[in-house]
Each structure stands twice: as structure tokens, then as C-alpha cells.
Amino acid sequence: MLIGMTPVQILTHRAQLPAVIAELHRLAAVQLTDAAHQKLGMTPAGPGPGDAHRIAGLAAEVADLAALLGLAEEAASVVADKNWLRPASVAVPAGRLGRLGPGLGALLDQVGSLQNEYETVRRYHDALAMLLADPELSLLGERDLARLGLATVVLVVDTPDADTIGTLRAALHIAAGDRFRLTVAPTGDQTVGCVLVAPHTLVAELRTLLAREHIRHVPLPPGYEQMSPAHAATELGNRLAALPDELARAWRSLAGRTAELAPGWQQRRAAAAGELDCLEAVALAGRTARTASLTGWLPRRDVDTLRTALARVDAGAVVTKLDAAVAGEPPVLLDNPPPVRPYQRLVSFLGLPRSGSLDPSTLMAAALPLLFGVMVGDLVYGAILAGLGAVLRRRGSTRPLVRDIGSVLLASGSWSMLFGLLYGEALGSLGHKLGLPALWFYRHGPDELGTLLLFALGIGVTHILLGLVLGMRQARRLRQPRTLLERAGTFFLLCGLAAIAATAVDLLPGQVRTPAMAVVAVMFVVALSTRGPMGLLTGPLELLGSLGHVLSYLRLAAVGLASVYLAEVANHLAVSVPLLLGVFVAMLLHLLNLALAAFSPMVQALRLHYVEFFSGFYESGGQAFRPFGPRPQPSPD
Amino acid sequence: MQLGLIAIGAALAIGLGALATGIAQARIGSAAAGAIAEKPELTGRAILLIAIPETLVILGFAVAAMILVLLRGG
């Protein structure tokens, strides 16, 4: 339900303003509005000359601490997932990092350096593995090189351009004539591996040559330059095998250190964010020569709590009710009992209801699982879904979204079980064949299609009429006579049409038909007359739309039958192929049907609410109530 | 023969409705996926918009059911 909000003005002595703001922040019950720019004859109370600098400092500190807390989570996640190559960085300047997290900079540098080394070693190792396919290179040992006065250089050249190697070869040719050998192999990811065998003097000039020709390359880690290609490949392979353990140790040290510092960061962030909020709130206050004023919205039930709390910090503070015309549109706060809260979330998908309108969460909590149950209507599927819902509810104790999904599934599954008993269905027609009696009617029976359709339409008529009744009540409360008349006209028009339809299928005696037709004719005119001159054109279409809304409930029958027939196919396949294969195929199809049964009927039931039911009364566009107070922690969802 | 024609009529009623629904949902679905990528808070409305064209196939189902119930019964 929507909590009644009241606009208030808080008057205090100017000197007491910071204390009052701090108390409001602690209380977290008032959504502040801009008192300085309302028609209250006041000037803005702040921020003061020193405040801007302090606000900037606090904002930076809050951002830094949030980044560090993010790093702590990331490090824990890396250790849990053993994903050692995930980049480790934090967007905090080095000076502030040293102050907020002593020792963290060195740990981050260590992780970064090991990751860079891993990447380089991997590239050179891969390049050499391909280059050593050349037998002359692979047999070339360090002694041979020394005897011949030669040296080797292994290079991984970063080049998407094929001409780069040609340029390098030409430059080497100019420098050394034919006294070199360059072996090249592409190593993927836009790099090329090369081994140059050449006299010592040329190798010494190589770096100058690469710089002159603007050839980008990945530098070989130190210690490998003097080795022969085969020896270097072996040593690189050993290093590549050892690096993950070193990375794991570095990440664990980082995760341990951040976990140690995280509680302190959280406290400091909460304190800094609170001080920042209070300083920023001064800008919303108005002032006169001696007094300061704050305005805002709070739940009507909390006014006395606010007065008591403020009296503790400033005995002279006064809380008065503000003129609603000055305060503007009230924010919206939904507060429902725990069983209804999951549906409150579903209602909010469509946007919050406007202030003064109806909160349909309770109605949705009653109708949505029922509509789901009408569609699924299977004892076994319902039991599985209800069981899944119960598990999700239990496991979601710290995750509100998971808990809410579990609650909705549990209720929907329970209704599915009930309708499974009414239809006599368990795994489609299997239950019926095994002797499960239908307490009402067997949906799959040859002559029951008409009953099922009438049942679906009956639910539709009831649901739509309920929506129109709520719409009439709301229009009366908001003093909108035209809307009230229009909804009343549509209501009686649908009643008349339902009565005519009922006489056609002998649910009502034939004598009812004539008065029902008279009601339809009169209400048609009434409903049109409320829409003005254009209503003559648009009215019939809108009334036809209302009729379409009722027909839309036929999906309760259609989706349900589709599920029954898919289960039927599974059962038929099970007995028409060899036993084991049949059981396997049947299980697969039933699982598919179950997955569809969990998703499709939920979407359809939601749609019936959003489009058909809510059209009678729902007014979205409300702004959520955001009380001034400590910032909420990020949700685990 | 007559039963076959009734069945074909019912199949056409629901099949053409399903085809139209599929065409509409394909367009709405791709637009909705783009919208959700930019604004995840639109997920609820996107599901709603994707489910709207299903009215076509539901009305097709209603017609097919009428054909089967009334004609076969008659």
C-alpha cells in the first residue's frame, strides 16, 4: 500500500543547522526538497566559502574508498576463481593509495609485473616453439655460436603489417650484406616471431636499427639474450610453468591485505559519505538573518518521531506542516507486508504508482499465482516449481531478488498443484491414466474445450471488472467525475455483454437477454458521451479494446493446453520407443516443458496484469521516496 | 473430408496468427534488446512489449477453438 506522505518545514536557529542536518541524516526519514528556491522568502544557506573545498575532498575520498573496496572484492574473487591473469589495478592516485592502503602499491606492482612477465614469456615461448621447427636453428648450441663468432637474437615483433619484416630484412642487408640469417614465423595475435643469427657486431647494432625503422617489438626478459634459441625455449618453458604459482602467491597476499583493510575502509567511507551528504544538504536549506529552514517530505506516521529526535539536538527546532501547493508532487513509498513484497517489485517494473493512486501489489499477490496455476495446472510440475521456490527462498536470505523469485515460484507452484488436482493432471495426462481423478474437469478431455474457454473468459471478466471497480473508486477519491462515469459505463457494458454471452451458453435464462441488451445500449452511449466529440470516433475502438482485454484471458486456456499437449507428446514417445530411450526422451521433454511452464505462464500472467487489469485504474509515474540518510550498501543482487 | 477441412481451417486460424505474432515479436524483440542494453531498468517494460503481439495468436486460438467446438459439434 502507498504510505501517506506529508510535507514539512523545519525551522531552527542558523547556528544549529549543522546539528539538525546531522540528526536528519541519522534518522533517514525525510526526503529533503530545495527550501532555498521555494516561495518561502529565504536565501540559500550554503555552502560556505570553505565548504566547496571540503566537499571536493570528501567526494574524492568516498570515490577512492569505493574503488579500494572494489579491489578487495575483485582480489577475493580472483583467489576464489584462480583467474590469476585478471588485470589488477585501482583508480586511486599513488599518494592517496599510500595513505589509505599502506603496502598496497607494492603488492599491485608485484602482481602487474608478474602478469607482464607471464605475457612476454608466453609470447616468446610460443614464437620459439614455432621457429625451432627449423632443424638448423634447433641444433645451434651456445658453443657453436661462440666458435663461429655469432650471436642470436629472438624477437617478437608487434606488427599487423606484413612489410615490417621486409623492412627489417632490408635494413639488416644494408648493415651486414649477406652475413645474417633471419628466420620468421607468425605467432598469431598480430605478432611475428623472429630469430636473427648474425655476427656479434650486427647484433649489437640491432636495437638502434629497430628504433630507426620504427619497428615495435616486445623486449625479451633479461637473462635470455645470451642463450641459444633451443636453450632459451627450455628456460622460457620452465619460467612459464613457475609463474602461475608466483602469481597465485602475489594475488593471495593482495587479497589478504585488502581483506584486512576493508572493514576500516567501510567505516571511513560511511563517515566521509555522511559528512559529504550533510555538507551538500546545506545547499538545500534556506536562511533569514537568524533562522534556517529545511523542507521535505516524510511519511505521516513519522512526524512525531521527527519532532522528538530534533528536540534532542535543538530544543528550539520547530516542525510545521508545509503547504502542499508549495511542496509540489509528493514522493511515493510502498510498504506492504512481507508476503506481498515480491509483487511490489513486479508492480515497480511498470513504474511506481502515482501519489494518491492505488498500489495493486496486494491484488497482484492474490491473482498472479492463481493465473499461473490455471495455466500450468499440473500436480507434478507444480510440486517441482513449489519445491524450487522453497529452495530459492531459503538460499536467498541475503539476496532479496532471489528470495522474491523463490516466494513467487512457491505460491505459483502451490496454485499449480491445486489446479492439477482440479484438472486431474500429473505430468500431463499420465496422472489421469494412472487413476488420478479430476476434481472439476479434465482439461484434456474431448468435450472439455468449451468449459476451459468459458472458465478462462470468466476469470477475465471478473479480473477486468475488478480493475474497473478499483478505477471507479480511485476516480471518486480523486474527484474525477468524467473518468468515474466512463469507467462505470464500461463496467456495466461488460456486465451486459457477459450476461448476453451467458444466456447464449445457457448459464443464464433467456429472459435476461433483453434487459442485458438494453443495459449494453445505454452504457455504450454513456461511455461514449464521457469522451467528448472525439469520443464518437475513438470511443467504439476503446470499448472494443475492453472486449479484447477480456478475450485476451483466453491465453489462460491456450498456454495451458500447449503445456498439456507437450507433456502428452513426451508420454507418447516414452511408450513408442525402447524403454530406456523412451524414458530418457520423455524426461528431456518433460524438463523442457517444465522450463517453459516456469517462464511462459509467468510472462503471460504478468502481461494480463500490466495490460489488461491495470488499464482500468493504474496510474504510473510516481517518484520513489529517497530519504536523506546514510547511502545504502550495494545490493548483492 | 469435412473433418479434414475443419482441421485445416482451425490450423490456418492459429497458424497465421502465430506467423503474424512471430513477425511482430521479431521486430519488437530486437528493439527491446537494444533498449535493455542501454537501460537495464527497462527490462519489465520490454517483456511487456514483447508479450503484447501474442494477442494475435490468442485470438487465432479462440477462432480455432470456435471452429472445432461449434463445427465439429454441429
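Residues numbered from 1 in each chain as written. Chains lettered and ligands numbered in written order. Predicted model: local features only at pLDDT ≥ 70, side-chain atom pairs only at ≥ 80, totals over all residues. Heavy atoms only, no water.

What follows deals with the packing of aromatic side chains. Residues and elements named next belong to chain A. Applying the stated rule across the entire model yields 12 aromatic pairs over all chains. Ring geometry for Phe491 and Phe492: centres 5.1 Å apart, planes at 90°, overall edge-to-face. Joined through ring pairs, the aromatic side chains of Trp415, Phe419, Tyr423, Trp440, Phe441 and Phe455 make up one cluster. (Phe/Tyr/Trp six-rings, centres within 6.5 Å; stacked < 30°, edge-to-face > 60°.)

Okay, a nonpolar patch on the surface next. A contiguous nonpolar surface patch, about 800 Å² in accessible area, is contributed by Met1(B), Leu5(B), Ile8(B), Leu12(B), Leu16(B), Leu19(B) and Ile23(B). Using a relative accessible area of 53% as the deciding quantity, one classes Leu19(B) as exposed. (Patch = residues over 30% accessible without salt bridge, like charges linked within 9 Å, V, L, I, M, F, W, Y side chains within 5 Å. Areas by Shrake-Rupley, 256 points an atom, 1.4 Å probe, with all protein chains shown as cover. Salt bridge = Lys/Arg side-chain N within 4 Å of Asp/Glu carboxyl O. Buried < 20%, exposed > 50% of the residue type's maximum accessible area, 1.4 Å probe, protein only.)

Residues and elements named next belong to chain A. The biggest cluster of nonpolar side chains holds 62 residues, and the ones touching the most others in it are Leu346, Met364, Leu368, Leu556, Tyr610 and Phe614. Counting residues per element, this core draws most heavily on helix α17 (residues 449-477), which supplies 11 residues. Among the nonpolar cores identified, the runner-up in size contains 50 residues, and Leu65, Leu68, Ala127 and Leu220 belong to it. (Core = buried A, V, L, I, M, F, W, Y, C linked by side-chain atoms within 4.5 Å. Helix = DSSP H or I, 4+ residues; strand = E, 2+ residues; numbered from the N terminus.)

Attention now moves to the pattern of salt bridges. All names here are of chain A. For the structure on display, the rule yields 19 salt bridges over all chains. Of the charged contacts in the structure, one is a salt bridge between Arg86 and Asp81, with a shortest N-O distance of 3.8 Å. Overall, the relative accessible area of 25% leaves Arg86 in the partly exposed class. Close ionic contact of Arg122 with Asp126 constitutes a salt bridge, the shortest N to O distance being 3.3 Å. Taken as a pair, Arg122 and Asp126 lie in helix α4 (residues 104-131) at a separation of four residues, close to a single helical turn.

Okay, the confidence of the model for chain B next. Taken over all residues, the pLDDT of chain B has a mean of 85, while the share at 70 or more is 96%. Reported for the predicted complex are a pTM of 0.72 and an ipTM of 0.75. (pLDDT = per-residue confidence, 0-100.)

Moving on to the confidence of the model for chain A. Mean pLDDT for chain A: 84, with 96% of residues reaching 70 or above. Per-element mean pLDDT across chain A ranges from 70 in strand β7 (residues 217-218) of chain A up to 94 in helix α13 (residues 361-376) of chain A.

Another point: the side chain of Thr503(A). Residues and elements named next belong to chain A. Summarising the element assignment, Thr503 is placed in helix α18 (residues 481-504). Judged by relative accessible area, which is 3%, Thr503 ranks as buried. Among the polar contacts made by the side chain of Thr503, one reaches the side chain of Arg513 at a distance of 3.2 Å. Sequence-distant contacts of Thr503, defined by excluding residues within four places in its chain, comprise Leu508, Pro509, Val512 and Arg513. (Polar contact = N/O pair within 3.5 Å; in protein donor to acceptor, adjacent residues only side chain to side chain. Contact = heavy atoms within 4.5 Å.)

Its identity is not glycine, yet Ala28(A) carries a phi of approximately 50°, on the positive side. Considering the arrangement of structural elements, one finds Ala28(A) in the loop between α1 (17-27) and β2 (31-33).

Okay, the environment of Phe349(A) next. Here Phe349(A) lies in the loop between α12 (341-348) and α13. Judged by relative accessible area, which is 34%, Phe349(A) ranks as partly exposed. For Phe349(A) and Tyr610(A), which are 261 residues apart along the polypeptide, the C-alpha to C-alpha distance reads 9.5 Å. Leave out the neighbours within four places in its chain, and Phe349(A) touches Tyr610(A), Gly44(B) and Arg45(B).

At the interface, 20 residues of chain A touch 16 residues of chain B. Taken together, both faces of the contact between chain A and chain B bury some 1500 Å²; the carbon and sulfur share is 74%. It is Phe349(A), Leu453(A) and Arg607(A) that lose the most area in chain A upon contact with chain B, and together they represent 28% of the buried surface on that side. For the pair chain A and chain B, the interface holds zero salt bridges. The tally of links between chain A and chain B comes to three residue pairs in polar contact (both at pLDDT 80 or more). Counting only elements with at least two residues in the side of chain A that touches chain B, the list comes to α17, α20 (535-552), α21 (555-576) and α22 (579-613) of chain A. Looking at the side of chain A that touches chain B element by element, the count peaks at five residues for α22(A). Considering only residue class, the side of chain A that touches chain B consists of 13 nonpolar, five polar and two charged. (Buried area = accessible area lost by both parts, 1.4 Å probe. Nonpolar A, V, L, I, M, F, W, Y, C, P; charged D, E, K, R; others polar.)

Another point: the environment of Leu128(A). All names here are of chain A. Inspection of the secondary structure puts Leu128 in helix α4. Leu128 sits in the buried class, given a relative accessible area of 0%. For the pair formed by Leu128 and Gly406, sequence separation is 278 residues and the distance between their alpha carbons is 55 Å. Excluding residues that lie within four positions of it along the chain, Leu128 makes contacts with Val154, Val195, Pro229, Ala232, Ala233 and Leu236.

Residues and elements named next belong to chain A. Strand β1 (residues 5-13) sits mainly inside the fold: seven of its nine residues count as buried. Of the pairings in the sheet, the one linking β1 to strand β9 (residues 291-299) comprises nine bridges and is antiparallel in character. What sits directly across from Ile10, in β9, is Leu294. As paired strands, β1 and strand β10 (residues 318-321) are joined by four bridges and run antiparallel to one another. (Pairing = 2+ DSSP bridges.)

Moving on, we come to the packing of α18(A) against helix α19 (residues 513-529) of chain A. A pair of packed helices is characterised by two quantities: the angle between their axes and the separation of those axes. All names here are of chain A. Where α18 meets α19, the closest approach of the two axes is 8 Å, and the angle between their N-to-C directions is 155°. On the basis of their axis angle, the class for α18 and α19 is roughly antiparallel. Two packed elements cross with a definite hand, and for α18 against α19 that hand is left-handed. Of the residues contributing to the contact of α18 with α19, the split by class is 16 nonpolar, five polar and three charged. (Axes fitted to C-alpha atoms, helices over the stretch in contact; angles between N-to-C directions. Parallel < 35°, antiparallel > 145°, perpendicular 65-115°, else oblique. Left-handed = near helix turned anticlockwise from the far one by under 90°.)

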